[in-house]
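For reference, the chains in residue letters:
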Amino acid sequence: KASKGQSLQAPVPLEIIPDLDLSTFRVNFQHEVSQTIVFTIQEQIILTLGSLLVITGKPKARKSTYLHTFLGSAIKGESVWGIKATLPEERKKVVLIDTEQSLYDLHTSVKRMSRNFGIDLSGNFFTVYTARALDVASIMTLIETICKNNPDCSLIAVDGLVDLVNDINDVREAKSSVNFLKNIADSYNVAILGVLHQNKATNFSLGHLGSFLSRFAQSELSVVKNEDGSSTLESTFLRSADSIEPITIGWDKANERYDTVESISLGALRYSESSILEEIFNGKLALTYKELTTRAKTVIPETGYYIEKKLIPYWYDTGLLKKVSGLVQFNRV
């Protein structure tokens, strides 16, 4: 569309390269092609070498928390929240490039990740770079330089991808940045994990950049902040899998870290279930469901969502609670 007072303009044609070598691009089906899986979630393929995984979400939805979980799983080689990483034996190095946080906030967040996963920040398998002060061209130069100088690196995380463009709605710039990531992924055979904000008014990732990244990505995951303060990771698009079960996390006060809702609910039972229920029932044989939830919320330092959706059903499943004549009875043992 032309702006008011302007005439329509045809796009500038791209330069055509004569005598292109077709053998470079022709697919040869006589040779087997394999893939190296980097991340799975619940045994579903999420990311492979040479591909991109994008995590999107609104501001403060805890995108970086989930990002750090992916990184922690990759560095330690452990399964976390159903997220499992497997890096090539000779390419165990992981790199994080942060383009948003101040140096203090970056230190704080990475040290928190270090505590949660027992990561030695003085080791050689994890390196963090800050690119907050760099322009677009310099950030791209940094990424390629890192790849050139670290052949033992197979996973690069960029938090966040929006800083690879000056204008998220510039079609050519967005396409150019995505082509840059494609070239990095292919040339250095690395897996790229990136974070991108969503539009505040919609659940779509920002601008033309988001649209092009979604088309290129092997997987796109979305982080949603819930009304009770917890956050949920769910699949938006999976090229190599069907779907995953959402992963909901909240703050575990007892251990001072984020964990899954199920783990926090069971973690709340840091002393025996019977002791908690004795305190809730306070000598009574039975309570109404409303009385049960009200008292539980005063005794257990967790949100109402955890208590009603996770903890109380768990007590029913284990037989500690049972319904008798419309009331909830504590099955004392």
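Right above here is the structure, for reference.
A brief structural summary. (Residues numbered from 1 in each chain as written. Predicted model: local features only at pLDDT ≥ 70, side-chain atom pairs only at ≥ 80, totals over all residues. Heavy atoms only, no water.)

A short note on empty space enclosed by the protein
A water-sized probe, rolled over the atoms, reveals where empty space remains.
Reasoning step 1: This model, assessed by the stated rule, comprises one cavity of 30 Å³ or more.
Reasoning step 2: Every residue lining the largest cavity is listed: Lys-63, Glu-100, Asp-159, Gly-160, Leu-161, Val-162, Val-195, Leu-196 and His-197.
Reasoning step 3: Here the lining of the largest cavity gets three residues from one element, more than from any other, and that element is strand 8 (residues 191-197).
Reasoning step 4: Here the residues of the lining of the largest cavity sort into four nonpolar, two polar and three charged. (1 Å grid on protein atoms, 1.4 Å probe; cavity = no way out; pocket = protein on both sides within 12 Å on 5 of 7 lines; lining within 4 Å. Points joined across faces, edges and corners; volume = space filled by probe spheres on them. Helix = DSSP H or I, 4+ residues; strand = E, 2+ residues; numbered from the N terminus. Nonpolar A, V, L, I, M, F, W, Y, C, P; charged D, E, K, R; others polar.)

Observations concerning the pattern of salt bridges
Reasoning step 1: Scanning the model with the defined rule gives three salt bridges in all.
Reasoning step 2: A salt bridge links Glu-89 to Lys-92, with the shortest nitrogen-to-oxygen separation between them at 3.8 Å.
Reasoning step 3: For Glu-308, the salt bridge identified is with Lys-297, shortest N-O distance 3.0 Å. Of the two residues, Glu-308 is situated in helix 9 (residues 304-317) and Lys-297 in helix 8 (residues 289-299); the sequence distance between them amounts to eleven residues.
Reasoning step 4: Its relative accessible area of 39% is what places Lys-297 among the partly exposed residues. (Salt bridge = Lys/Arg side-chain N within 4 Å of Asp/Glu carboxyl O. Buried < 20%, exposed > 50% of the residue type's maximum accessible area, 1.4 Å probe, protein only.)

Details of the layout of surface pockets
Reasoning step 1: Empty space within the largest pocket amounts to approximately 820 Å³.
Reasoning step 2: When residues of the lining of the largest pocket are traced back to their parent elements, those giving at least two are helix 1 (63-76), helix 2 (103-117) and strand 12 (257-260).
Reasoning step 3: Sorting elements by how many residues they give to the lining of the largest pocket places helix 2 first, with seven residues.
Reasoning step 4: The residue inventory of the lining of the largest pocket, partitioned by class, reads eight nonpolar, nine polar and twelve charged.

Thoughts on the nonpolar core
Reasoning step 1: Among the nonpolar cores identified, the biggest contains 41 residues, and Phe-39, Phe-70, Leu-71, Phe-126, Leu-155, Leu-193 and Leu-221 are the most heavily contacted of them.
Reasoning step 2: Per element, the largest residue contribution to this core is six residues, and it comes from helix 1.
Reasoning step 3: Residues within four places of Leu-193 in sequence aside, it is in contact with Phe-39, Leu-53, Ile-55, Leu-67, Phe-70, Leu-71, Leu-155, Ile-156, Ala-157 and Val-158.
Reasoning step 4: Grouped together as the second largest cluster of nonpolar side chains are 33 residues, Val-95, Leu-142, Val-165 and Phe-216 included. (Core = buried A, V, L, I, M, F, W, Y, C linked by side-chain atoms within 4.5 Å. Contact = heavy atoms within 4.5 Å.)

Quick look at the sheet that holds strand 15 (residues 327-330)
Reasoning step 1: Taken together, three strands build an open sheet; the order of strands is 13-15-14 and the sheet is antiparallel. Edge strands, defined here as strands with exactly one partner in the open sheet, are strand 13 (286-287) and strand 14 (321-324).
Reasoning step 2: Relative to strand 15, strand 14 runs antiparallel, the two sharing four bridges. Along strand 15, the bridge assignment pairs Leu-321 with Phe-330.
Reasoning step 3: Seen against the sheet, helix 9 touches strand 14 and strand 15 and runs at an angle of roughly 80° to strand 14. (Pairing = 2+ DSSP bridges. Axes fitted to C-alpha atoms, helices over the stretch in contact; angles between N-to-C directions.)

Some points on the environment of Leu-320
Reasoning step 1: Relative to the helices and strands, Leu-320 resides in the loop between helix 9 and strand 14.
Reasoning step 2: For the pair Leu-320 and Arg-332, spaced twelve residues apart in the sequence, the C-alpha separation amounts to 7.1 Å.

Points about the side chain of Ser-219
Reasoning step 1: Turning to its location among the elements, Ser-219 is positioned in strand 9 (residues 219-225).
Reasoning step 2: The exposure class assigned to Ser-219 is buried, which follows from its relative accessible area of 0%.
Reasoning step 3: A polar contact of 2.6 Å, which involves the side chain of Ser-219, links it to the backbone oxygen of Ile-46. (Polar contact = N/O pair within 3.5 Å; in protein donor to acceptor, adjacent residues only side chain to side chain.)

What about unusual backbone geometry?
Reasoning step 1: Residue Gly-160 is reached from Asp-159 by a cis peptide bond, and omega for that bond is 10°.
Reasoning step 2: Note on placement: Gly-160 falls in the loop between strand 7 (153-159) and helix 4 (171-188).
Reasoning step 3: The phi torsion at Gln-42 lies on the positive side, around 55°, for a residue other than glycine.
Reasoning step 4: Tracing the backbone through its elements, the reader meets Gln-42 in the loop between strand 1 (37-41) and strand 2 (44-48).
Reasoning step 5: Positive phi, normally seen in glycine, also occurs at Trp-81, with a value near 60°.
Reasoning step 6: Mapping Trp-81 onto the fold places it in the loop between helix 1 and strand 4 (83-85).

Here we look at helix 2
Reasoning step 1: Here helix 2 is 15 residues long and its end C-alpha atoms lie 21 Å apart, about the 21 Å a rise of 1.5 Å per residue gives.
Reasoning step 2: Listed as buried for helix 2 are Leu-106, Ser-109, Val-110, Met-113, Ser-114 and Phe-117. In an axial view of helix 2, the angular spread of the buried residues amounts to 145°, which keeps them on one side of the axis. For helix 2, exposure combined with an orientation more than 90 degrees from the buried face picks out Tyr-104 and Arg-115.
Reasoning step 3: Contacts made by the buried residues of helix 2 are with helix 1, strand 5 (93-98) and strand 6 (126-130).
Reasoning step 4: Positive phi appears at Gly-118, one or two residues downstream of helix 2, with a value of about 65°. (Expected span 1.5 Å × (residues − 1). Arc of directions from axis to C-beta.)

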